[in-house]
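# A structural walkthrough
In case you want the letters, here they are:
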Amino acid sequence: MVTPLCAIQSYKTGVTASYYAEAFHGKRTSNGETFNMYSLTCAHKSLPFNTILKVTNLRNGKTVEVRVNDRGPFILNREIDLSKAAAVKLNMIGTGTAKVKLEIVRMGPDTKISRQTAQSAAKIMAKRFGTKTVKQTTVRPAGTKWDIQLGAFSQKDNANRLAQKLLHDGFKDVVFQKTETLIKVAIRNIDAKDVNTIEKQLQAKGYSTYTIKKRTQK
């Protein structure tokens, strides 16, 4: 069925899209489906499940329609997480992210599970980004080691998603640091002389909120 042009509603323009693929292929999505990176689906933090979005890559004009069946992305300043198939259609595999325009082709039903998962996503974002961005420390003694913590999650899948994004963006020594209730995602064991460089790389990739901590053990 062809959707009439008048039914499409402008949603957001100039927001950042990313994508997820192999690490989550075959795993359960937030609405209970099995994630298939070859299907045209996406993750969004608040739109109802089964909402159909038209996504336009503002750099090249390529478009794709995707269906919301998951929650995310849980990274500041990223609006939508596309399946690999959708990212291929937008020609954004090489860059990993893209500035896009989002239009609502059809809004999904306002179901209980949509509301619950949207509330859960909001709590995750509030927990992760409720504190101020840590500024660069003026002095870090030579020879000391540091960790940069980028998120803390109660669900392992959400922690794994952030870890996979960091690895995809080229960061090394990405680890899980577990407490009794949370799984923290961090880049660990950074030499003092390298902290500022990695911090700038994070900011360039859109990671604007994090905590830098001195390691107490090697």
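Residues numbered from 1 in each chain as written. Predicted model: local features only at pLDDT ≥ 70, side-chain atom pairs only at ≥ 80, totals over all residues. Heavy atoms only, no water.

## Quick word on the packing of aromatic side chains
In plain terms, the rule: Ring pairs are drawn from Phe, Tyr and Trp, using the six-membered ring of Trp, whenever the two centres fall within 6.5 Å, and their geometry is named by plane angle: stacked under 30 degrees, edge-to-face over 60, tilted for the rest. Remark: exposure states derive from per-residue accessible area (1.4 Å probe, protein chains only) relative to the maximum for the residue type, with buried under 20%, exposed over 50%, and partly exposed in between. Secondary structure follows DSSP: runs of H or I at least 4 residues long count as helices, runs of E at least 2 residues long count as strands, and numbering of each begins at the N terminus.
Applying the stated criterion across every chain yields a total of two aromatic pairs. Ring geometry for Y20 versus F24: centroids 5.6 Å apart, planes at 70 degrees, classification edge-to-face. For the pair formed by Y20 and F24, the shared burial category is buried. Between Y20 and F35 the ring centres are 4.3 Å apart and the planes differ by 5 degrees, which places this aromatic pair in the stacked class. With Y20 in strand β1 (residues 9–20) and F35 in the loop between β1 and β2 (41–43), this pair connects stretches of sequence that are 15 residues apart. For F35, a relative accessible area of 2% puts it in the buried group.

## With respect to the sheet that holds strand β8 (residues 174–178)
Selection rule: Criterion used throughout: strands pair if DSSP finds at least two bridges between them. An axis is simply a line fitted to the C-alpha atoms; with a helix, the fit covers only the stretch in contact. Between two such axes, the angle follows the N-to-C directions and lies from 0 to 180 degrees. Note on contacts: a residue pair qualifies if any of its non-hydrogen atoms lie within 4.5 Å across the two residues.
Taken in spatial order, the four strands line up as β8-β9-β7-β10 in an open sheet, and their pairing is antiparallel. Taken across any chain shown, the strands that pair with only one partner, and hence form the sheet edges, are β8 and β10 (211–214). With direction set aside, neighbouring strand axes in the sheet form an average angle of 35 degrees. Pairing of β8 with strand β9 (residues 183–191), which is carried by five bridges, proceeds in the antiparallel orientation. Bridge pairing in β9 places Q177 opposite K184. Sheet strands in contact with helix α3 (residues 156–168) are β7 (145–153), β8 and β9, and its direction is about 155 degrees off that of β8.

## Points about α3
As a reminder of what qualifies: An expected span of 1.5 Å times one less than the residue number is assigned to each helix.
A rise of 1.5 Å per residue sets the reference length of α3, with its 13 residues, at 18 Å; its end C-alpha atoms lie 18 Å apart and thus fit the reference within 8%. Among all positions in α3, only N158, A159, N160, R161, L162, A163, K165 and L166 are buried. One or two positions beyond α3, positive phi appears at G170, with a value near 100 degrees.

## Focus: the pairing of strand β6 (residues 97–106)
Relative to β6, β1 runs antiparallel, the two sharing eight bridges. When the bridges of β6 are listed, T13 appears paired with K101. Bridge count for strand β3 (residues 52–57) against β6 is six bridges, and the pairing is antiparallel. Bridging from a neighbouring strand, L53 pairs with I104 of β6.

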